[in-house]
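Spelled out, the chains give:
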Amino acid sequence: MDQSINIRGKRIFITGGAGFIGSTLAGRLLDENDVTIYDDFRRDSLSTRPFADHPRLKIVKGNVLDAEHVVTSIGDANIVIHCAAIAGIDTVILRPTETLRVNILGTANVLEAARGLPNLERLVTFSTSEVFGQAAFRADEADTAHIGAVGEARWTYAVGKLADEHFAQAYHQEFDMPTVIVRPFNVYGPGQVGEGAMRTFVIRALAGDEIQIHGDGNQIRAWCYVDDMIEGIMLALTEPAAVGEAFNIGNARAVITIYGLAQTVVRVLGSSSKIRFIPKDYADVELRVPSVRKAKELIGFDAKVDLEEGILRTAEYYKG
Ligand SMILES: NC(=O)c1ccc[n+]([C@@H]2O[C@H](COP(=O)([O-])OP(=O)(O)OC[C@H]3O[C@@H](n4cnc5c(N)ncnc54)[C@H](O)[C@@H]3O)[C@@H](O)[C@H]2O)c1
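Presented here is an overview of the structure given in this document. Remember, predicted model here, so these are calculated numbers, not experimental data.

Comments concerning the environment of Leu65
Then, number 1: Turning to its location among the elements, Leu65 is positioned in the loop between β3 (57-61) and α2 (67-74).
Then, number 2: For Leu65, a count of 16 C-beta atoms within 10 Å puts it in the partly exposed group.
Then, number 3: Each C-alpha atom, one on Leu65 and one on Ala142, is 30 Å from the other, the two residues being 77 residues apart in sequence.
Then, number 4: Setting aside residues no more than four positions away along its own chain, Leu65 makes contact with Arg101, Val102, Leu105, Gly106 and Asn109.

A look at the pairing of strand β15 (residues 287-290)
Then, number 1: The sheet contact formed by strand β6 (residues 135-139) and β15 spans four bridges and is parallel. Paired with Ala136 across the bridge in β15 is Arg288.
Then, number 2: In this sheet, β15 lies alongside strand β10 (residues 220-222) in parallel orientation, the contact comprising two bridges. Looking across to β15, one finds that Ile220 is bridged to Leu287.

Here's the deal with the packing of helix α8 (residues 258-268) against helix α10 (residues 307-319)
Then, number 1: Where α8 meets α10, the closest approach of the two axes is 10 Å, and the angle between their N-to-C directions is 60 degrees. Here α10 runs oblique to α8, going by the angle between their axes. Both α8 and α10 take part in a crossing whose hand is right-handed. Each of Thr264, Val265 and Val268 in α8 lies in contact with α10, whose residues at this interface are Leu307, Glu308, Ile311 and Leu312.
Then, number 2: Looking at side-chain class alone, the contact of α8 with α10 contains five nonpolar, one polar and one charged residues.

Details of the environment of Ala295
Then, number 1: Its location among the elements puts Ala295 in helix α9 (residues 293-299).
Then, number 2: Owing to 27 C-beta atoms within 10 Å, Ala295 belongs among the buried residues under this scheme.
Then, number 3: On a C-alpha basis, the gap between Ala295 and Glu141 in space is 9.5 Å, while along the polypeptide they are 154 residues apart.
Then, number 4: The residues touching Ala295, leaving out its near neighbours within four places in the chain, are Gly232, Phe247, Asn248, Ile249 and Phe301.

Some thoughts on the site of the ligand
Then, number 1: Near the ligand there are 29 residues, and of these Gly16, Gly19, Phe20, Ile21 and Ala85 occur at the shortest range.
Then, number 2: Residue assignment for the shell around the ligand shows that the elements contributing at least two residues are α1 (20-29) and α4 (96-115).
Then, number 3: No other element matches the three residues that α1 contributes to the shell around the ligand.
Then, number 4: In the shell around the ligand, the residues fall into 16 nonpolar, nine polar and four charged.

Parameters and conventions
- Residues numbered from 1 in each chain as written.
- Predicted model: local features only at pLDDT ≥ 70, side-chain atom pairs only at ≥ 80, totals over all residues.
- Helix = DSSP H or I, 4+ residues; strand = E, 2+ residues; numbered from the N terminus.
- Buried ≥ 20, exposed ≤ 12 C-beta atoms within 10 Å, placed from the backbone.
- Contact = placed C-beta atoms within 7 Å.
- Pairing = 2+ DSSP bridges.
- Axes fitted to C-alpha atoms, helices over the stretch in contact; angles between N-to-C directions.
- Parallel < 35°, antiparallel > 145°, perpendicular 65-115°, else oblique.
- Left-handed = near helix turned anticlockwise from the far one by under 90°.
- Nonpolar A, V, L, I, M, F, W, Y, C, P; charged D, E, K, R; others polar.
- Near = placed C-beta within 6 Å.

Here's what the structure looks like:
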């Protein structure tokens, strides 16, 4: 039987490692491994972290669209974690062309660079819950992915990530590459730097500022605290059964409407913020709740941090 991988003494290459999830993961891996972060630093959660100058951390500023630079920077990594992407719906809607280029061509570059590695043990790539479309309840990995209407800029993100999933599976099938796909469902927590409802609500609630909700606030999400996400990635890296698979990673118990989330943040943080509804002028996901049965059965994943606990921990970070 295959042994699980022990993540010690590895050479780990993390694209997008300056971002929210990538830098949190780097912090988890650094004490026992050599970690290279490859990022163009359009977002930066790294510089505020206590491990930003860790002796086992190497930082390379670069763009995943630069195929040659990715090849020279990947070194002799034996673990590759591909987080780099244009993410966040506001950014995607403003820059759909760049979203498609970075998220499809950038991923192709990283996979191709990894194909040249003689000792690659695992490559984890990031998809998204958005591939399940506008209404996904207990979305299962085997469900058909949705690609949305052409011309709606938001769906360039889901389409790009869907192409990434096909790329990763193709490299696995054709070249026996040990790939794993993770599909995060609404991750939040300390270190989040991009747009995101939880981050915005917590920061505004702490300041007592008005919280704005786009639309009527009855969109439903499942909220996954970042530590649970990191556990999911660690299992994707270590468990033999993960290879060649895609996993939903989320917290199917922390389900709430956006209005409910705003109210909960205000209550839990004892805030005086008012909640205001403003018109919504973009395509949205109305319902998004994962099934995490496959991740539980195959790799033992189980989210542990409840919503209110996660909100309190997140607020501690933003209080500074
Ligand atoms: N946070 C979530 O809830 C969530 C949900 C679904 C999927 N994801 C996916 O998980 C991954 C990590 O998400 P995150 O929340 O940490 O996002 P993030 O935006 O904080 O991190 C992405 C990082 O990629 C970097 N980057 C962007 N374009 C690049 C390029 N061309 N070359 C090199 N670096 C580039 C950014 O500077 C950033 O540091 C992404 O692939 C994202 O699509 C996240």
